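Residue strings, one per chain:
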Amino acid sequence: MASSAGDTIRLDRFLCFARIVKTRGQAQAMAESGHVRVDGRAVNKAATPVRIGCVIAFATPGGLVRALRIVALPVRRGPSEEARACYHDLIENARTPAPSVDAASARA
């Protein structure tokens, strides 16, 4: 992993190498959709440079918001443990269970 503070990597490469998306094409489409924010700014270019300390925010296909702080720049698409070491999740998105109807509340 690259660790120099002045180093940058393209947004699409980071998303792919950090295993946020499965393919670089998906990462490019995600970046160019305009629905990704880097340090609070909406971006629409896959070549947007990111560096250690940047915060990337986006919505997942499931409708959850995800925000990541970059802590290391990956040099390859490695194993998932290596990829997770490159960022910290800033927002915990716990799925709330759907409200269920139990027998007691159904007898109204």
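Please refer to the structure higher up on the page.
Residues numbered from 1 in each chain as written. Predicted model: local features only at pLDDT ≥ 70, side-chain atom pairs only at ≥ 80, totals over all residues. Heavy atoms only, no water.

1. Comments concerning the sheet that holds strand 6 (residues 65-70)
Inference 1: With respect to topology, five strands assemble into an open sheet ordered 3-2-5-6-7, the strand pairing being antiparallel. If you trace the sheet from one side to the other, it starts and ends with strand 3 (41-43) and strand 7 (87-89), each paired once. Strand-to-strand twist in this sheet, taken as the mean axis angle between neighbours without regard to direction, amounts to 30°.
Inference 2: Pairing of strand 5 (residues 55-59) with strand 6, which is carried by five bridges, proceeds in the antiparallel orientation. (Pairing = 2+ DSSP bridges. Helix = DSSP H or I, 4+ residues; strand = E, 2+ residues; numbered from the N terminus. Axes fitted to C-alpha atoms, helices over the stretch in contact; angles between N-to-C directions.)

2. As for the pairing of strand 5
Inference 1: On strand 5, burial follows the alternation: Ile56 and Phe58 on one face are buried, whereas Val55, Ala57 and Ala59 on the facing-out side are not.
Inference 2: Alignment of strand 2 (residues 36-38) against strand 5, held across two bridges, turns out to be antiparallel. Among the inter-strand pairings, Arg37 is bridged to a residue of strand 5, identified as Ala57. (Buried < 20%, exposed > 50% of the residue type's maximum accessible area, 1.4 Å probe, protein only.)

3. Quick notes on the pairing of strand 6
Inference 1: The turn linking strand 5 back onto strand 6 is made up of five residues, and Gly63 within it adopts a positive phi angle of 90°.
Inference 2: Sheet topology note: the strand 6/strand 7 ladder contains three bridges and is antiparallel. Within the sheet, the bridge partner assigned to Arg69 lies in strand 7 and is His88.

4. Regarding the environment of Asp7
Inference 1: Inspection of the secondary structure puts Asp7 in the segment before strand 1 (9-10).
Inference 2: Separated by 43 residues in sequence, Asp7 and Val50 place their C-alpha atoms 8.6 Å apart.

5. Here's the deal with helix 2 (residues 24-32)
An α-helical turn contains 3.6 residues, so a residue and the one three or four places further along point in the same direction.
Inference 1: Looking at helix 2, one finds that the buried residues are Ala27, Met30 and Ala31. Around the axis of helix 2, the buried residues are gathered within 95° of arc, so they sit on the same side.
Inference 2: Buried positions along helix 2 lie against helix 1 (11-17), strand 2, strand 3 and strand 5.
Inference 3: Backbone geometry just after helix 2 places Gly34 at a positive phi near 85°. (Arc of directions from axis to C-beta. Contact = heavy atoms within 4.5 Å.)

6. Examining a nonpolar patch on the surface
Inference 1: Together, Val65, Leu90 and Ile91 make up a nonpolar patch on the protein surface, roughly 230 Å² of accessible area in all.
Inference 2: Structurally, Leu90 is set in the loop between strand 7 and helix 4 (103-106). (Patch = residues over 30% accessible without salt bridge, like charges linked within 9 Å, V, L, I, M, F, W, Y side chains within 5 Å. Areas by Shrake-Rupley, 256 points an atom, 1.4 Å probe, with all protein chains shown as cover. Salt bridge = Lys/Arg side-chain N within 4 Å of Asp/Glu carboxyl O.)

7. Structural notes on unusual backbone geometry
Inference 1: For Arg19, which is not glycine, the phi torsion reads 60° and is therefore positive.
Inference 2: As for its placement among the helices and strands, Arg19 is situated in the loop between helix 1 and helix 2.
Inference 3: Of the residues examined, Arg19 reaches a relative accessible area of 38% and is grouped as partly exposed.
Inference 4: A positive phi is found at Asp39, a non-glycine position, where the angle reads about 55°.
Inference 5: Its place among the elements puts Asp39 in the loop between strand 2 and strand 3.

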